[in-house]
Amino acid sequence: MSNYKLINYKKWLKSFFNLFSNEPEDRDALIEILRNSEHRNLLDADALLMIEGALHVSEIQVRDIMIPRVQMIIIKYDAAPEDILSVVVESGHSRFPVIGDNNDEIVGILLAKDLLHYFSNPKKDFDIKDMMRATVFIPESKRLNVLLREFRTSRNHMAIVIDEFTGVAGLVTIEDVIEEIIGEIEDEHDFEEDETNINTHDNDRYTVKALTTIDEFNDYFKTIINVDEYETIGGLVINAFGHLPKRGETVNFMSFNVKVLRADKRRVRLLLFTRLNLEETSDESTNLE
């Protein structure tokens, strides 16, 4: 190899390795590199969304995505097998918390498939305790990346979420966590129009679907928003951002801090509203009341 070719080869190697020498200083810088890679067609758009989702779950707590207690579909410990089957068929779910004397007493988890053993031999005495699986309890503050790892190692698919007073706050499934990474998973039992648009997680935190109408938002929060050019709260929040926000972005909106929980390249899907204290509400916050 001639000296000229050797020098050019060394320059090429130096340039190549320089691509990897500039390590991102933080997560935002890493995400920016990944997004630039997607713009240059080096990374598939769906792959980028999943990578961002995998990074994002470490910032989300269980309370942000759990199914609230009031929406839990439960089975009573002393329910007849025919009544249990009716709940299973109507809900389309595969796992159900079993309660004792009250809703705070979760005594086990019933898998729908375990009912097949009884209905294949209905002459056998029915005892729900022979079918129940052990209950996993987790705090509201648990991070999703930690929960996902626990789900994988324990092979559990559902956990009961408890609040600071050890009362039942809701439940979360492995599907809920995976959806935060890869996006919404819809099946034949998902009817978005029948689901509640606004859910209360505690006194100051609410998850709000972006498709919630301004009128419904006003009725729920007793606000007075009158903006003719927007029909949904999602459109109004996008206006507050000034751009189509990505998952994890936040903005102060009226008396709330709003965080984007679910979004894709075309629209915002789910928002987390957290009430601000008076001293936290800045003069620059959007005010449309």
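This text follows the structure it describes.
The structure contained in this document is the topic of the report that follows. (Residues numbered from 1 in each chain as written. Predicted model: local features only at pLDDT ≥ 70, side-chain atom pairs only at ≥ 80, totals over all residues. Heavy atoms only, no water.)

## Section: the overall build of the protein
Point 1. Check the secondary structure of the protein and you find nine helices and twelve strands.
Point 2. A sequence separation of at least 24 residues applies to 50% of the contacts in the protein between residues at least 6 apart.
Point 3. Summed over all atoms, the accessible surface of the protein reaches about 18000 Å², with 49% contributed by carbon and sulfur. (Helix = DSSP H or I, 4+ residues; strand = E, 2+ residues; numbered from the N terminus. Contact = heavy atoms within 4.5 Å. Areas by Shrake-Rupley, 256 points an atom, 1.4 Å probe, with all protein chains shown as cover.)

## So, the packing of helix α2 (residues 27–39) against helix α3 (residues 45–56)
A packed helix pair is summarised by two numbers, namely the angle formed by the two axes and the spacing between the axes.
Point 1. Close contact between α2 and α3 brings their axes to 10 Å; oriented N to C, the two are set at 170°. By the angle between their directions, the pair α2 and α3 is classed as roughly antiparallel. Side by side, α2 and α3 meet where Arg27, Leu30, Ile31, Leu34, Arg35 and Glu38 of the first sit next to Ala45, Leu48, Ile51, Glu52 and Leu55 of the second. (Axes fitted to C-alpha atoms, helices over the stretch in contact; angles between N-to-C directions. Parallel < 35°, antiparallel > 145°, perpendicular 65-115°, else oblique.)

## Some points on the packing of aromatic side chains
Point 1. Enumeration over the complete set of coordinates arrives at ten aromatic pairs.
Point 2. Look at Phe217 and Phe256: their rings are 6.2 Å apart centre to centre, the planes differ by 70°, and that puts the pair in the edge-to-face class. Here Phe256 lies in strand β11 (residues 256–263) and Phe217 lies in helix α8 (residues 214–221), a separation of 39 residues in the sequence. Across the pair, Phe256 and Phe217 agree in class, each one buried.
Point 3. Judged by centre distance (6.3 Å) and plane angle (85°), the rings of Phe253 and Phe273 are edge-to-face. Remark: Phe273 occurs in strand β12 (residues 268–275) and Phe253 occurs in strand β10 (residues 250–253); sequence separation between them is 20 residues.
Point 4. When its relative accessible area of 0% is taken as the criterion, Phe253 is described as buried.
Point 5. An aromatic cluster is defined as three or more aromatic residues linked by ring pairs; in this entry it consists of Tyr206, Phe217, Tyr220, Phe221, Phe253, Phe256 and Phe273. (Phe/Tyr/Trp six-rings, centres within 6.5 Å; stacked < 30°, edge-to-face > 60°. Buried < 20%, exposed > 50% of the residue type's maximum accessible area, 1.4 Å probe, protein only.)

So far we have only geometry, and geometry alone does not tell us how the molecule works.
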